[in-house]
Amino acid sequence: VLDVMDAIGVEKAWVASHGSGGVVLTWLALRHLDRLKGLVYEATTGGVKVETNAPPPPPPTPGAVSFQEMTLRLLADPTREGVRQRLLPAMHPDHPERITDELVDVRLAHYSRPSTNEAMARYYSSHAAFSATEEEAARIALPVLVLGSDSRGEQSLMGPRRLAEVIPDAQFKVIEGTGQWGHWEAAEAFNDAVGGFVLGGRGA
């Protein structure tokens, strides 16, 4: 991320993340705060070991396998139905129609391209875990918006809500009726939340 910013001449930027990409935001905030204007976390705890006093929920995937294992299986044998099944748990369970044919086609092409397939298989097989403590996250002195989904009720909200509680002055907002892909499932609500926060400085 820093190399891209340097290459295009951006000294400071707002950075947004989704899911496991949230660890990048936390890493940047803890090591390169001076390069950031603010952060937007979506459907993630950003690698922060949040203390919710609740056991982690089982993966919302067929057979309760992890997203990591499900993705590795799909990368080994990319199929249209496999892609659709991989996307289903990322959406709100009441709205499978949000997985359009176009979305499946794009994803299938992505998983089937040799270069991206190899890179993703390498990532999901051996990516190093990044984690931060609540005490470390409490040092993030930036405007922060944390977006949560309600696809699994309170279970979906506990981690992101706790992240927003730990980071000083962070704002927490639920994109209602969505799973992990609020940016796709409720694009207008997502854009309003993020746009209002970024353009308003700290007001979502």
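Predicted model, so just to flag it, every value in this text is computed and none were measured. (Residues numbered from 1 in each chain as written. Predicted model: local features only at pLDDT ≥ 70, side-chain atom pairs only at ≥ 80, totals over all residues. Heavy atoms only, no water.)

A few words on the packing of aromatic side chains. This structure, assessed with the given rule, holds two aromatic pairs. Ring geometry for Tyr 123 against Tyr 124: centres 5.0 Å apart, planes inclined by 85°, an arrangement best described as edge-to-face. For Tyr 123, a relative accessible area of 36% gives the class partly exposed. The exposure class of Tyr 124 is buried, given its relative accessible area of 16%. (Phe/Tyr/Trp six-rings, centres within 6.5 Å; stacked < 30°, edge-to-face > 60°. Buried < 20%, exposed > 50% of the residue type's maximum accessible area, 1.4 Å probe, protein only.)

Next up on the list: the sheet that holds strand β4 (residues 171-175). The strand order across the open sheet formed by four strands is β1-β2-β3-β4, and the pairing between neighbours is parallel. This sheet does not close on itself; its edge strands, each paired only once, are β1 (13-18) and β4. For this sheet, the mean inter-axis angle between neighbouring strands, taken without regard to orientation, is 15°. With six bridges connecting them, β1 and strand β2 (residues 36-42) associate as parallel partners. Residue pairing in the sheet places Ala 13 in a bridge with Leu 36 of β2. On top of the sheet, helix α2 (residues 22-31) reaches β1 and β2; it is set at about 150° to β2, its chief contact. (Pairing = 2+ DSSP bridges. Helix = DSSP H or I, 4+ residues; strand = E, 2+ residues; numbered from the N terminus. Axes fitted to C-alpha atoms, helices over the stretch in contact; angles between N-to-C directions. Contact = heavy atoms within 4.5 Å.)

Another point: the nonpolar core. Within the largest apolar cluster, 23 residues are counted, with the highest numbers of intra-cluster contacts made by Leu 39, Tyr 41, Ile 140, Val 144 and Ile 167. The residues contacting Ile 140, other than those within four sequence positions of it, are Ala 29, Leu 30, Leu 39, Tyr 41, Ile 167 and Pro 168. Core analysis: the second largest hydrophobic core is formed by 14 residues, Leu 87, Met 91, Leu 103 and Val 104 among them. (Core = buried A, V, L, I, M, F, W, Y, C linked by side-chain atoms within 4.5 Å.)

What follows concerns helix α5 (residues 101-112). For α5, which comprises 12 residues, the first-to-last C-alpha distance of 16 Å matches the rise-based estimate of 16 Å (1.5 Å per residue) to within 8%. Buried positions along α5 lie against α3 (67-76), α4 (80-87), α6 (114-126) and α9 (182-185). (Expected span 1.5 Å × (residues − 1).)

Only one face of β1 is covered, namely the one carrying Ala 13, Val 15 and Ser 17; the face carrying Trp 14, Ala 16 and His 18 has none of its residues buried. Handedness of the β-α-β unit built from β1, α2 and β2 comes out right-handed. (Right-handed = clockwise from strand over helix to strand, strands pointing away.)

The topology assignment puts Thr 71 in helix α3. A relative accessible area of 0% means that Thr 71 is categorised as buried. Every residue in contact with Thr 71, bar those within four places of it in the chain, is listed here: Arg 86, Tyr 111, Met 120 and Tyr 124.

On inspection of all chains with the given rule, the structure shows 11 salt bridges. Asp 6 is the partner of Arg 35 in a salt bridge, and the nearest nitrogen-oxygen pair spans 2.9 Å. Here Asp 6 lies in helix α1 (residues 2-7) and Arg 35 lies in the loop between α2 and β2, a separation of 29 residues in the sequence. You can call Asp 6 partly exposed: its relative accessible area is 49%. Across the pair Arg 73 and Glu 69 runs a salt bridge, and its minimum N-O distance is 3.1 Å. (Salt bridge = Lys/Arg side-chain N within 4 Å of Asp/Glu carboxyl O.)

A few words now on the side chain of Glu 185. In this fold, Glu 185 is placed in helix α9. By relative accessible area, which is 10% here, Glu 185 ends up buried. In this structure the side chain of Glu 185 is engaged in a polar contact, spanning 2.8 Å, whose partner is the backbone nitrogen of Gly 179. Once residues within four sequence positions are removed from consideration, Glu 185 is found in contact with Ala 90, Met 91, His 92, Arg 98, Gly 177, Thr 178, Gly 179 and Gln 180. (Polar contact = N/O pair within 3.5 Å; in protein donor to acceptor, adjacent residues only side chain to side chain.)

With six of seven residues buried, β2 is to be regarded as a mostly interior element. Summarising the sheet, β2 and strand β3 (residues 144-149) pair through four bridges and their orientation is parallel. Bridge assignment links Tyr 41 to a residue of β3, and that residue is Val 146.

The subject of this paragraph is helix α10 (residues 187-199). Taking 1.5 Å of rise per residue, 13 residues should cover 18 Å, and α10 covers 17 Å from first to last C-alpha, within 8% of that figure. Three or more residues of α10 are buried, namely Phe 190, Ala 193, Val 194 and Phe 197. For α10, the angular spread of buried residues about the axis comes to 85°, placing them on one side. Pointing more than 90 degrees away from the buried face of α10 are the exposed residues Glu 188, Asp 192 and Leu 199. In this structure, the buried residues of α10 make contact with β1, β2, β3, β4 and α9. (Arc of directions from axis to C-beta.)

Geometric descriptors of this kind do not, in isolation, establish any biological role.
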